[in-house]
Amino acid sequence: MSSHAHPRLPYENIRVVEFTHMVMGPTCGMLLADLGAEVIKVEPVGGDSTRRLLGSGAGFFPMFNRNKKSIALDLKQPEGIEAALRLIDSADIVSENFKAGVMQKLGLDYATLKQRNPRLIYVSHKGFLPGPYEHRTALDEVVQMMGGLAYMTGRPGDPLRAGASVNDIMGGMFGAIGAMAALAQREQTGEGTEVQASLFENNVFLVGQHMMQYAVTGRAAAPMPGRISAWAIYDVFTVKGGEQIFLAVVSDKQWGTFCRAFGLAELLADPRLASNNDRVQARDWLMPQLRSHLADRSAAELAAVFEHEGLPFAPITRPEQLFDDPHLAATGGLAPITLEDGRESLAPLAPFTLGGAQPGIRLQPPAVGEHTDALLRGVGYRDDEIAALKARQITQGD
């Protein structure tokens, strides 16, 4: 293949060793891996427990562990730690998201590793940055509740977590951004550093816009479903066959376009609806009229008119329907991925382009210990030593 087909990725010469599970730590490694880094996932003999999650956790492993290599090591055995240290000695970045104290107990904390290699960058993903809360066990849902996000997402009096692992994923993203900043700093200083990313502070960052709204206006932000919308028509409509569609009309010009497109000349002429703010005040009687006027049209028909007229709209889509999204199909935004049981599926790529293309999937999510032998050889183990480690279940290969 020509070099043009496979442009050089920015972190191709960077080696990352990650001790991660679930979502937050694996997200950080996945982003660095998507950008070309060699990311080595250290997992227990028998595999990361994330591989075996059911229900809402069943998608975690295939989503967040592509483009990585796997080595299985028993870190409760000194020989397992020795192999991990040899790998770390060859690495630029170590990433972890275990409970406070775990890495220290293993002798794999930043203070210890920095003595071995001052150029090492160490990324810790935690529930809280150091402070009064750091001893608490955090989960995405916990910090959404204590950080104002669940309050803002639910209806008044009914706090509701967001419908995805927003803090875990973004916390991992900020871990990756911290690692990138540390790499740039190392270019200047020759020294590595410790990066910490956290769920709670990430959540506070997300609701910062609502904190600042209060600072500016002196009024507390209302939960999103209970807020007074800045626009009169900015809502979900239930239409023919019980289908739902989100429709928005957010300017006076759009109001004119909307009324003409749907034969609502009498509303366009009504002086009570002359401006957007007038229409917001008139919502109580205006919205029922619009709902009944549009109720016998299909969602597809409404979408076609809104698209033709350049008005904002959105189908109410379930996650599984995105596999068939025509835009994602046309852009290549979903890439083929192999699930653990060998079935093929598609997974969303990182949501940005470099040189016109989203970074692709070079390595499928690895089997447990798939790269053990090659990685151990690469840090000086002989084949007989690897065989001995396997015999004692300190490691396993594919």
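All residue numbers refer to position in the chain's written sequence, counted from 1. A pLDDT threshold of at least 70 governs which residues receive local features in this predicted model, and a stricter bar of 80 or more applies before side-chain atom pairs are shown or counted, although totals over entire chains, interfaces and linings include all residues. As a rule here, side-chain values cover all heavy atoms of the structure and leave hydrogens and water aside.

## Overview of a nonpolar patch on the surface
Line of reasoning, step 1. To count toward a patch, a residue needs a relative accessible area above 30% and no salt bridge. Like charges then connect within 9 Å, nonpolar side chains (Val, Leu, Ile, Met, Phe, Trp, Tyr) within 5 Å. Residue exposure ignores everything except the shown protein chains as possible cover, and the areas themselves are Shrake-Rupley values with a 1.4 Å probe. Each reported salt bridge corresponds to a side-chain nitrogen of Lys or Arg within 4 Å of a carboxyl oxygen of Asp or Glu. A cluster of nonpolar side chains, M173, F174, I177 and F205, forms an exposed patch at the surface whose accessible area comes to about 380 Å².
Line of reasoning, step 2. Put simply, DSSP marks the helices as runs of H or I at least four residues long and the strands as runs of E at least two long, and each gets a number from the N terminus on. Among the elements that make up the nonpolar patch, the one with the highest residue count is helix α8 (residues 166-189) (three residues).
Line of reasoning, step 3. Here F205 shows up in helix α9 (residues 199-206).
Line of reasoning, step 4. To sort residues, take the accessible area from a 1.4 Å probe on protein chains only and compare it with the maximum for the residue type: under 20% means buried, over 50% means exposed, and anything in between is partly exposed. On the basis of relative accessible area, F205 is assigned to the exposed category, the value being 59%.

## What to know about helix α15 (residues 299-309)
Line of reasoning, step 1. Among the residues of α15, those classed as buried are A299, L302, A303 and F306. The arc enclosing the buried residues of α15, seen along the axis, measures out at 100°, which places them on a common side. Opposite the packed face of α15, turned more than 90 degrees from it, sit the exposed residues A300 and H308.
Line of reasoning, step 2. Where α15 is buried, its residues meet β8 (244-249), α11 (252-261), α14 (283-294) and β9 (313-315).
Line of reasoning, step 3. A positive backbone phi angle near 70° is found at G310, which sits one or two residues after α15. This arc is built from the directions going out from the helix axis to the C-beta atoms. In this analysis, two residues are considered to be in contact whenever any of their non-hydrogen atoms come within 4.5 Å of each other.

## Details of the sheet that holds strand β2 (residues 38-43)
Line of reasoning, step 1. In short, DSSP must find at least two bridges between two strands for them to pair. Taken in spatial order, the seven strands make up an open sheet running β6-β5-β4-β1-β2-β3-β12, and their pairing is mixed. Of all the strands in the sheet, the pair left with one neighbour each is β6 (194-198) and β12 (395-396).
Line of reasoning, step 2. Bridge count for strand β1 (residues 15-19) against β2 is four bridges, and the pairing is parallel. Bridge pairing links V16 to V39 in β2.
Line of reasoning, step 3. All axes are obtained by fitting lines to C-alpha atoms, using only the stretch in contact for helices, and the reported angles, taken between N-to-C directions, cover 0 to 180 degrees. Those strands touched by helix α3 (residues 78-89) are β1, β2, β3 (68-73) and β4 (93-96), and its axis lies near 150° from that of β1.

## Focus: the sheet that holds β9
Line of reasoning, step 1. The three strands lie next to each other as β7-β8-β9, forming an open sheet whose pairing is antiparallel. Only two strands of the sheet have a single neighbouring strand rather than two, namely β7 (233-238) and β9. Sheet twist, expressed as the mean angle between neighbouring strand axes with direction ignored, is 15°.
Line of reasoning, step 2. Alignment of β8 against β9, held across three bridges, turns out to be antiparallel. Residue pairing across strands places I245 opposite P315, the latter belonging to β9.
Line of reasoning, step 3. Of the strands in this sheet, β7 and β8 touch α14, which is tilted by about 45° from β7.
Line of reasoning, step 4. In this fold α15 packs onto β8 and β9, with an angle of close to 25° to the strand it touches most, β8.

## Structural notes on the packing of α8 against α9
Line of reasoning, step 1. Running from amino to carboxyl end, α8 crosses α9 at an angle of 100°, the nearest separation of the two axes being 9 Å. Classed by the angle they form, the pair α8 and α9 counts as roughly perpendicular. Judged by residue contacts, V166, N167, D168, M170, G171 and F174 of α8 engage L199, N202, N203, F205 and L206 from α9.
Line of reasoning, step 2. Three categories are distinguished: nonpolar for Ala, Val, Leu, Ile, Met, Phe, Trp, Tyr, Cys and Pro, charged for Asp, Glu, Lys and Arg, and polar for the others, with Gly belonging to the last. Of the residues assigned to the contact of α8 with α9, the class counts are six nonpolar, four polar and one charged. Oblique is the label for any angle not covered by the other classes, which are roughly parallel (under 35 degrees), roughly antiparallel (over 145) and roughly perpendicular (65 to 115).

## Side note on α14
Line of reasoning, step 1. An expected span of 1.5 Å times one less than the residue number is assigned to each helix. Over its 12 residues, α14 extends 16 Å from the first C-alpha to the last, a length consistent with the 16 Å expected when each residue adds 1.5 Å.
Line of reasoning, step 2. Within α14, burial applies to L286, M287, L290 and L294. Buried residues of α14 fall within an arc of 95° about the axis and therefore sit on the same side. Those residues of α14 that are exposed and aimed more than 90 degrees away from the buried face are D284 and S292.
Line of reasoning, step 3. Packed against the buried residues of α14 are β7, β8, α11, α12 (265-268), α13 (276-281) and α15.

## So, the environment of R8
Line of reasoning, step 1. Its location among the elements puts R8 in the segment before β1.
Line of reasoning, step 2. Using a relative accessible area of 63% as the deciding quantity, one classes R8 as exposed.
Line of reasoning, step 3. Along the sequence, R8 and V39 sit 31 residues apart, while their C-alpha atoms lie 16 Å from each other.
Line of reasoning, step 4. At a separation of 2.9 Å, a polar atom in the side chain of R8 contacts the side chain of E12. Each polar contact in these results corresponds to two N or O atoms within 3.5 Å; when the atoms are within protein, one needs to be able to donate a hydrogen and the other to accept it, and residues that are neighboring in sequence are counted only if both atoms are side-chain atoms.

## Some remarks on the nonpolar core
The nonpolar side chains of a soluble globular protein tend to be buried with one another.
Line of reasoning, step 1. In this text, buried Ala, Val, Leu, Ile, Met, Phe, Trp, Tyr and Cys residues form a nonpolar core when linked through side-chain atoms within 4.5 Å. One finds V17, F19, I71, I88, L108 and L113 to be the most contacted residues of the largest nonpolar core, which totals 28 residues.
Line of reasoning, step 2. For this core, the secondary-structure elements that each account for two or more residues are β1, β2, β3, α3, α5 (110-116), α17 (372-378) and α18 (383-391).
Line of reasoning, step 3. It is α3 that provides the largest number of residues to this core, a total of six residues.
Line of reasoning, step 4. Ignoring any residue separated from it by four or fewer positions in sequence, one finds I88 in contact with V17, F19, V94, L108, L113 and L120.
Line of reasoning, step 5. Formed by 25 residues, the second largest nonpolar core is a distinct cluster that contains V249, L273, L286 and M287.

## Regarding the side chain of T20
Line of reasoning, step 1. Tracing the backbone shows T20 in the loop between β1 and α1 (24-34).
Line of reasoning, step 2. Given a relative accessible area of 3%, T20 falls into the buried group.
Line of reasoning, step 3. Reaching out from T20, the side chain makes a polar contact with the side chain of E18 at a distance of 3.1 Å.
Line of reasoning, step 4. In this structure T20 touches G25, P26, K41, D48, S95, E96, N97 and F98, once residues within four positions along its chain are discounted.

## Quick word on the environment of L9
Line of reasoning, step 1. Residue placement: L9 occurs in the segment before β1.
Line of reasoning, step 2. Relative accessible area serves as the criterion here: at 17%, L9 is assigned to the buried category.
Line of reasoning, step 3. Put simply, L9 and E307 are 298 residues apart on the chain and 37 Å apart in space, counted from C-alpha to C-alpha.

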